[in-house]
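Each chain, written out:
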Amino acid sequence: MVLKLDIDFFINWFGLTILKYPILLYLPFLNSEHFQLPLQVYYDLILYSALLRAFLLLNSWFKCTYSTSEWSPLSEIDDLNVLVTGGSNGLGKALIETILTELGEKKKVNIINIDISNYSGNDERVHTYLCDLTIPSMLNKIIDTIYENVLIGGTKQFHLIINNAGMRSKFKKFEAFTEKEIRDLMQINSITPVTIIQRLSPLRNCKQIDSKHKQCYIVNIASSLGILAASKVSIYAASKAALISFHNSLKFEILADPTNKRNIKTLLVIAGQLNTEMFSGFTPPRQFFAPIVDVKDLSRKIINKCNIGEFCQLNEPFYANFAYLLMSLPLVIQWIARKLSGMDNCLPDE
Ligand SMILES: NC(=O)c1ccc[n+]([C@@H]2O[C@H](COP(=O)([O-])OP(=O)(O)OC[C@H]3O[C@@H](n4cnc5c(N)ncnc54)[C@H](OP(=O)(O)O)[C@@H]3O)[C@@H](O)[C@H]2O)c1
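Residues numbered from 1 in each chain as written. Predicted model: local features only at pLDDT ≥ 70, side-chain atom pairs only at ≥ 80, totals over all residues.

Visitor: Please clarify how the nonpolar core should be interpreted in this entry.
Guide: Side chains of nonpolar character tend, in soluble globular proteins, to be buried together. By size, the foremost hydrophobic cluster in this structure holds 62 residues, and its most contacted members are Val82, Leu95, Ile161, Val219 and Val269. When residues no more than four places from it in sequence are discounted, the contact partners of Val269 are Val219, Ile221, Ala222, Ile302 and Leu314. (Core = buried A, V, L, I, M, F, W, Y, C linked by C-beta atoms within 7 Å. Buried ≥ 20, exposed ≤ 12 C-beta atoms within 10 Å, placed from the backbone. Contact = placed C-beta atoms within 7 Å.)

Visitor: It is not clear to me how the site of the ligand should be interpreted in this structure. Could you clarify?
Guide: Close to the ligand lie 27 residues, the nearest being Gly86, Gly90, Ser117, Gly166 and Thr276. Looking at the shell around the ligand, the elements with two or more residues in it are helix 3 (90-103) and strand 5 (216-223). With 3 residues, the top contributor of residues to the shell around the ligand is helix 3. Classifying every residue of the shell around the ligand by side-chain character gives 12 nonpolar, 12 polar and 3 charged. (Near = placed C-beta within 6 Å. Helix = DSSP H or I, 4+ residues; strand = E, 2+ residues; numbered from the N terminus. Nonpolar A, V, L, I, M, F, W, Y, C, P; charged D, E, K, R; others polar.)

Visitor: Help me out: how do you make sense of the packing of helix 5 (residues 179-200) against helix 6 (residues 234-256) in this one?
Guide: A pair of packed helices is characterised by two quantities: the angle between their axes and the separation of those axes. With their axes 9 Å apart at the nearest point, helix 5 and helix 6 run at an angle of 20 degrees to one another. Regarding the angle of helix 5 to helix 6, the classification is roughly parallel. As for how helix 5 packs across helix 6, the hand of that crossing is right-handed. Counting all contacts with helix 5, which are made through Glu181, Ile182, Leu185, Met186, Asn189, Ser190, Pro193 and Val194, the residues of helix 6 involved are Ile235, Tyr236, Ser239, Lys240, Ala242, Leu243 and Phe246. (Axes fitted to C-alpha atoms, helices over the stretch in contact; angles between N-to-C directions. Parallel < 35°, antiparallel > 145°, perpendicular 65-115°, else oblique. Left-handed = near helix turned anticlockwise from the far one by under 90°.)

Visitor: Sorry, what's going on with the pairing of strand 4 (residues 160-163) here?
Guide: Within a regular strand, side chains alternate between the sheet's two faces. With burial as the criterion, each face of strand 4 is covered, one bearing Leu160 and Ile162 and the other bearing Ile161 and Asn163. With 3 bridges joining them, strand 1 (residues 80-85) and strand 4 adopt parallel strand pairing. Residue pairing for strand 4: Leu83 is matched across the bridge by Ile161. Sheet analysis places strand 4 next to strand 5, joined by 4 bridges and oriented parallel. Residue pairing in the sheet places Asn163 in a bridge with Asn220 of strand 5. (Pairing = 2+ DSSP bridges.)

Visitor: Would you mind showing me how to read the packing of helix 4 (residues 136-149) against helix 5 here?
Guide: Between helix 4 and helix 5, whose axes approach to 11 Å, the crossing angle comes to 25 degrees. The angle between the axes of helix 4 and helix 5 places the two elements in the roughly parallel class. Taken as a pair, helix 4 and helix 5 cross one another with a handedness that is right-handed. Counted together, Pro136, Leu139, Ile143, Ile146 and Tyr147 of helix 4 and Gln187, Thr192, Thr195, Arg199 and Leu200 of helix 5 form the full contact between these two elements. A per-class count over the contact of helix 4 with helix 5 returns 6 nonpolar, 3 polar and 1 charged.

Visitor: Mind showing me how you'd approach the pairing of strand 6 (residues 264-271) here?
Guide: For strand 6, the buried fraction is high: 8 of the 8 residues fall into the buried class. Covered by surrounding structure in strand 6 are Ile264, Thr266, Leu268 and Ile270 together with Lys265, Leu267, Val269 and Ala271, the residues of both alternating faces. Bridge count between strand 5 and strand 6: 8 bridges; the pairing is parallel. Bridge assignment links Cys216 to a residue of strand 6, and that residue is Ile264. Bridge count between strand 6 and strand 7 (residues 312-316): 5 bridges; the pairing is parallel. Bridge pairing links Ala271 to Glu316 in strand 7. Between the parallel pair strand 6 and strand 7, the chain is carried across by helix 8 (residues 295-308), and the sense of this crossover is left-handed. (Right-handed = clockwise from strand over helix to strand, strands pointing away.)

Visitor: Just to check I follow, could you spell out the UniProt feature "transmembrane region" (unreviewed entry) in the protein for this structure?
Guide: Per the UniProt annotation, the sites labelled "transmembrane region" (unreviewed entry) are residues 12-29 and 41-62. In residues 12-29, the share of helix is 50% and the share of strand is 0%. The end C-alpha atoms are 24 Å apart. Taken end to end, residues 41-62 is 100% helix and 0% strand, and its first and last C-alpha atoms sit 31 Å apart. (UniProt positions renumbered as here; feature names shortened; annotations may be inferred.)

Visitor: Mind showing me how you'd approach the sheet that holds strand 4 here?
Guide: Pairing between the strands of a sheet is mediated by backbone hydrogen bonds and can be parallel or antiparallel. With parallel pairing, 7 strands are arranged side by side in an open sheet as 3-2-1-4-5-6-7. Edge positions in the open sheet fall to strand 3 (126-130) and strand 7, since each of these has one partner strand only. Put simply, the sheet's adjacent strands are angled 15 degrees from each other on average, direction ignored.

Visitor: Would you take a moment to explain helix 10 (residues 331-341) for this structure?
Guide: Structural remark: α-helix, 3.6 residues per turn; residues separated by three or four positions point the same way. Where burial is concerned, little of helix 10 is hidden: 0 out of the 11 residues are buried. Directly beyond the C-terminal end of helix 10, a positive phi value near 75 degrees is found at Gly342.

Visitor: Hey, could you run me through the environment of His159 in this one?
Guide: Relative to the assigned elements, His159 resides in the loop between helix 4 and strand 4. For His159, a count of 24 C-beta atoms within 10 Å gives the class buried. Along the sequence, His159 and Glu253 sit 94 residues apart, while their C-alpha atoms lie 19 Å from each other. Ignoring sequence-local partners within four residues, the contact set of His159 consists of Leu74, Ile77, Leu80, Asn81, Val82, Gln215, Cys216 and Tyr217.

Below, the structure is given as structure tokens:
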């Protein structure tokens, strides 16, 4: 494993630890004659850490247990049914491989992959349905087939649905986009996940399915560009923004419904640049502050959350946590920050 000394490394190993336990900064000076803090400061720091820890535990409890105490870890479900879109390459393929190794080793796993190309791995637990997800009629036909053959007319259920398939447009100014390019991008990035959740999740038929099949974890893979939009990717950014808003509304709808909140949990992934084909072909600027995310690491984090059933959002890398904050700064500060980051000038013209 290569050690990457970027800002995420320092934040994860030092920044967050100091934020949680600031008293650690003062421990080296405990016996110093020249630098002494009043005893009260030590007590206050201990109290701060205890309150923060209590809050984090409460938050974890809320995310994992508040809505349902009956949730089974995916690794304990026999006959685990999983649906992944775009699982033949990139992040989707890494997700399938992680599911097979971490959830499927001892249990029976059935992974349905909807993709435009075949899955290159050789595993009989993965079944690929070829489909161009920019064509709604093709998607609907594939959904009909999966509903009849895999879900046996709705008597079975997917335990995990991962809306991962996505496409980017060529890097170009908004006025150069054709209507077809806009429709295709919105179709695959925003509408396909909505259609899949509407037709293949237990949201519509939760009450008719027998209890051991009700549980379903839904993942939507969005992008930091859906919040922190750069120039020359306007339609891609719009399509991911639509997915983020849809996800957020659905999440609170589920939490407000007594039946659905027991059976369905969601995860929104806000990802920065990944080490896949999609955004390759240019050198990303300021990689110390905006490191490229390794899909194997990201897929392990995603599958861990799916397994324990955490109702949450995963932002990677660390700067993605501040995307909304950056977009709400006064324009002149945003302009300076964007100039310094190089985000609007780094993409080539295609
Ligand atoms: N790459 C990034 O930097 C980045 C950053 C943030 C978010 N994301 C999001 O993360 C997700 C995965 O991205 P990735 O980087 O893994 O992309 P990727 O390497 O291009 O993989 C996407 C997968 O979707 C398939 N696909 C593409 N067009 C399709 C279509 N019309 N119909 C059906 N399947 C299609 C691809 O098949 P082919 O390989 O045969 O084309 C591929 O298997 C996407 O939703 C993307 O928007 C990516």
